[in-house]
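# Reading the structure
Here are the chains, one letter per residue:
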Amino acid sequence: MQKYLLRRILIFIPGLFILVLLSFFLLKNAPGDPVDQILAGQHPEMNSSSPSENDNKVRTEIEHRLGLDLPVFYFTFSDKHSIIPPVEFHYHNQFSKWLFGDDRSRGIFSGNFGNSYLTNEPVINIIQSKVGWSLFFTFISIFFAYLISIPLGLKLALIPGSKKDRFYTLLFTVLFSIPAFWVAMFLMFLFCNPEMMNLFPSSGVMPAGGFDSGSSATEIFFSTLPYLIIPTITYTYSSFAFLTGNVKSTIGDILKQDYIRTARAKGLNEKRILYKHALPNALLPLITIFSHVFPYAIGGSVVLETIFNIPGMGLTIFQSISSQDYPVVITIFLFTGIITMLGFLLSDILYAVADPRISFQNKMK
């Protein structure tokens, strides 16, 4: 167990380095000039076609502040035409500055992910102000999905081939096949339409005018609740359909195993067989699905947050890509990658906890 965890963590470290390197590569090769983006967002009064001497001074200062006057990486090839080109090493370079910072600024290892090209606000502050709603909808939807799917899947696994089983199987297939944006638009048409049923607000997560200064927590909760219902249903339905079908099929296969027949032959009741012998062996697929939740927790849903105008990470990604605000985009990409890797690491640890027979060699096979 300890060796398995140690090896898994050792694999995590080079994977993290590759992710960081890839993030820097994307940042350096993104379309557009970062200085032009900063000048367009923070100094719109400057004339880029015929810049003045002062404008050129501002541009040079920004290039120096960003480290664009440094070599890109630790080494460069001085003569690219020779068979074995000589290598020049650069202690001060853009990659090192991005990672560790310099005398004037800190790097990403110190929590400085740069500033937004448009607003000059630190990227980490933008993410901290937006990630809450993405986390909320991701985890509340997966909580409801697991809460409903596991008992329903267990119940259906006990009646394979029945009319109820066939009906729910068809229903889950249809639900899982429908795109989330279509469900969102359909629910808004039904429940946010004055000509149908105008029960819920169509966008936002709180009243447009905010809350009264003297509002209690209970009043804020009940004022916010109508804004959350339709987005929560939209976030949950596909996970619910997928999980229920997965639990049903996994438990159905387990109930055909010899050790389940032995348990029945010994006279154990069906409920004890189901919850004590079958369900623990169905945990591995559920753990795998749970590990896939983490990327959405930090990345949010671009489509749903845009449709419902939710101020989360998905909407921030969409707006940042549209405005070529690459420090924000690359930081979200980096965080999403790290969270994804942590999710897989956590799932591997849970595998070992759920089934101690799992070892690193067995998993590699």
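Counting from 1, residues in each chain are numbered in the order their sequence is written. Only residues with pLDDT of 70 or above have their local features reported here, since the model is predicted, and side-chain atom pairs are shown and tallied only from 80 upward, although totals for entire chains, interfaces and linings are computed over all residues. Only hydrogens and water are set aside; all other atoms, that is, all heavy atoms of the structure, feed into the side-chain values.

### Focus: the environment of Thr-288
Secondary structure elements are defined from DSSP: runs of H or I of at least 4 residues count as helices, runs of E of at least 2 residues count as strands, and each element is numbered from the N terminus. Among the structural elements, Thr-288 can be located in helix 11 (residues 283–291). The exposure class assigned to Thr-288 is partly exposed, which follows from its relative accessible area of 27%. The cut-offs for exposure are 20% and 50% of the maximum accessible area for each residue type, with area from a 1.4 Å probe on protein chains only; residues under the lower value are buried, those over the upper are exposed, and the others partly exposed.

### Some words on the environment of Met-188
Considering the arrangement of structural elements, one finds Met-188 in helix 7 (residues 180–191). Put simply, Met-188 and Ile-307 are 119 residues apart on the chain and 9.9 Å apart in space, counted from C-alpha to C-alpha. Once residues within four sequence positions are removed from consideration, Met-188 is found in contact with Asn-193, Ser-202, Ile-307 and Phe-308. We call two residues in contact when some of their heavy atoms are within 4.5 Å.

### Side note on the confidence of the model for the protein chain
By definition, pLDDT measures how confident the predictor is in each residue, and it falls between 0 and 100. The share of residues in the protein chain with pLDDT of 70 or more is 91%, and the mean pLDDT across the chain is 83. Ranking the elements of the protein chain by mean pLDDT puts helix 16 (residues 360–364) last with 53 and helix 7 first with 91.

### Let's talk about the packing of helix 1 (residues 2–28) against helix 15 (residues 326–354)
Helix packing geometry: the angle between the two helix axes and the distance between the axes. Packing of helix 1 against helix 15 leaves a shortest axis separation of 10 Å and a crossing angle of 165 degrees. The angle between the axes of helix 1 and helix 15 places the two elements in the roughly antiparallel class. Considering how the two elements wind past one another, helix 1 and helix 15 form a crossing that is right-handed. Partitioned by chemical class, the residues of the contact of helix 1 with helix 15 number 22 nonpolar, 3 polar and 2 charged. In this description, a line fitted to the C-alpha atoms serves as the axis of each element, helices being fitted only across the stretch in contact, and the angle between N-to-C directions of two axes falls anywhere from 0 to 180 degrees. With respect to orientation, any angle under 35 degrees is reported as roughly parallel, any angle over 145 as roughly antiparallel, any angle of 65 to 115 as roughly perpendicular, and every other angle as oblique. If you view the pair so one helix is near and one far, a crossing is left-handed when the near helix is turned anticlockwise from the far one by less than a right angle, and right-handed when it is turned clockwise. The classification used treats Ala, Val, Leu, Ile, Met, Phe, Trp, Tyr, Cys and Pro as nonpolar, Asp, Glu, Lys and Arg as charged, and all other residues, Gly among them, as polar.

### Section: the packing of helix 9 (residues 258–265) against helix 10 (residues 270–278)
Helix 10 packs onto helix 9 with a crossing angle of 145 degrees between their chain directions and a minimal axis gap of 10 Å. For helix 9 against helix 10, the interelement crossing comes out right-handed. Seen from helix 9, the contacting residues are Tyr-259, Ile-260, Ala-263 and Arg-264; seen from helix 10, they are Glu-270, Ile-273, His-277 and Ala-278. The residue inventory of the contact of helix 9 with helix 10, partitioned by class, reads 5 nonpolar, 1 polar and 2 charged.

### Notes on a nonpolar patch on the surface
Patch definition: residues with relative accessible area over 30% and no salt bridge; like charges joined within 9 Å; nonpolar side chains (Val, Leu, Ile, Met, Phe, Trp, Tyr) joined within 5 Å. Accessible surface area values rest on a Shrake-Rupley calculation with a 1.4 Å probe, where residue burial reflects the displayed protein chains alone. Should a side-chain nitrogen of Lys or Arg be within 4 Å of a carboxyl oxygen of Asp or Glu, the pair is scored as a salt bridge. The grouping of Phe-181, Trp-182, Met-185, Phe-186, Val-302, Val-303 and Phe-318 at the surface amounts to a nonpolar patch, some 660 Å² of accessible area in total. Elements that contribute at least two residues to the nonpolar patch include exactly helix 7 and helix 13 (302–307). Per element, the largest residue contribution to the nonpolar patch is 4 residues, and it comes from helix 7. With respect to the secondary-structure elements, Phe-186 resides in helix 7. The partly exposed category is assigned to Phe-186, whose relative accessible area is 38%.

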